[in-house]
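Topology and contacts: notes
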Amino acid sequence: MNWSALWKSSAETELARLWTESNDREAITRAADRIDAALRTNPMSQGESRSGRTRIMFEPHLAVLFDVYPEEQLVYVLAVQLVGAQSGPKDE
């Protein structure tokens, strides 16, 4: 079953900031790709449930908070944050 995964603009902006400031941009890209793939495949089995439609999912480097709308087969990513091995600002 294929689901649509949409990101709230503030979550996309935060992901872009995390990527820009990371010492390991490839790791952030891989984590975001894994999250997107998992959410588009079977979001109800990803992460842990929170209140109502909301779930939280952890991947190495990133965590996302998302809402699931089964009737529309839609996932809406609300927020993203850096987790695990923290990547600091990139060296200039």
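Read on for an overview of the structure. (Residues numbered from 1 in each chain as written. Predicted model: local features only at pLDDT ≥ 70, side-chain atom pairs only at ≥ 80, totals over all residues. Heavy atoms only, no water.)

**Here we look at the overall build of the protein chain**
Test applied: In this text, helices come from DSSP runs of H or I with a minimum length of four residues, and strands from runs of E with a minimum of two, each type numbered from the N-terminal end. Note on exposure labels: buried denotes an accessible area under 20% of the residue type's maximum, exposed denotes more than 50%, and partly exposed covers the range between, all computed with a 1.4 Å probe on protein chains only. Contacts: residue pairs with any heavy atoms within 4.5 Å of one another. Exposure was quantified through the Shrake-Rupley algorithm and a 1.4 Å probe, taking into account, for residues, occlusion by the shown protein chains and nothing else. Working convention for charge: Lys and Arg count positive, Asp and Glu count negative, and His plus the chain ends are omitted. Where a charge lies is defined by one atom per residue type: Lys uses NZ, Arg uses CZ, Asp uses CG and Glu uses CD.
Counting secondary structure elements, the protein chain contains 2 helices and 5 strands. Put simply, the protein chain runs from its N terminus to its C terminus through helices and strands in the order β-α-α-β-β-β-β. Its C-alpha atoms put the protein chain at 45 × 20 × 20 Å along the principal axes. Taken over 92 residues, the protein chain has a buried fraction of 37%. Residue pairs in contact within the protein chain that sit at least 24 positions apart in sequence constitute 53% of those at least 6 positions apart. When the accessible surface of the protein chain is totalled, it reaches about 5,400 Å², and 51% of it is carbon and sulfur. Taken together, the 10 basic and 14 acidic charged side chains of the protein chain have centroids lying 2 Å from each other.

**Points about the side chain of glutamine 46**
Defined as follows: Any pair of N or O atoms that falls within 3.5 Å is considered a polar contact. Within protein, one atom must be able to donate a hydrogen and the other to accept it, and sequence-neighbouring residues count only if both atoms are side-chain atoms.
Structurally, glutamine 46 is set in the loop between helix H2 (25-41) and strand S2 (48-49). Accessibility expressed as a relative area gives 19% for glutamine 46, which makes it buried. One polar contact links glutamine 46 to serine 45, side chain to side chain, over a distance of 3.4 Å. Apart from residues lying up to four places away in sequence, glutamine 46 is in contact with Ala38, Leu39, Arg55, Ile56, Met57 and Phe66.

**Quick notes on unusual backbone geometry**
Located in the positive-phi region is histidine 61, a residue other than glycine, with phi close to 90°. With respect to the helices and strands, histidine 61 occurs in the loop between strand S3 (54-59) and strand S4 (62-69). Its identity is not glycine, yet glutamine 73 carries a phi of approximately 50°, on the positive side. Structurally, glutamine 73 can be placed in the loop between S4 and strand S5 (74-82). Residue classification places glutamine 73 among the partly exposed positions, given a relative accessible area of 29%.

**Describing the pairing of S4**
Here is the key point about a regular strand: its side chains alternate between the two faces of the sheet. Going by this rule: Being paired, for any two strands, means DSSP has found at least two bridges between them.
A large share of S4 lies buried, amounting to 6 of its 8 residues. The turn joining S3 and S4, which pair antiparallel and follow one another in sequence, is formed by 2 residues; a positive phi near 90° is taken by histidine 61. Pairing of S4 with S5 involves 8 bridges; the strand directions are antiparallel. Across the sheet, residue valine 64 finds its bridge partner in S5, namely valine 80.

**Topic: helix H1 (residues 9-21)**
Because an α-helix completes one turn every 3.6 residues, residues spaced three or four positions apart along the sequence face the same direction. Basically, it comes down to this: By this rule the span expected of a helix is its residue count minus one, scaled by 1.5 Å.
Relative to the 18 Å expected for 13 residues at 1.5 Å per residue, H1 spans 18 Å between its end C-alpha atoms, a close match to the ideal helical length. Those residues of H1 that are buried lie in contact with strand S1 (4-7), H2, S4 and S5.

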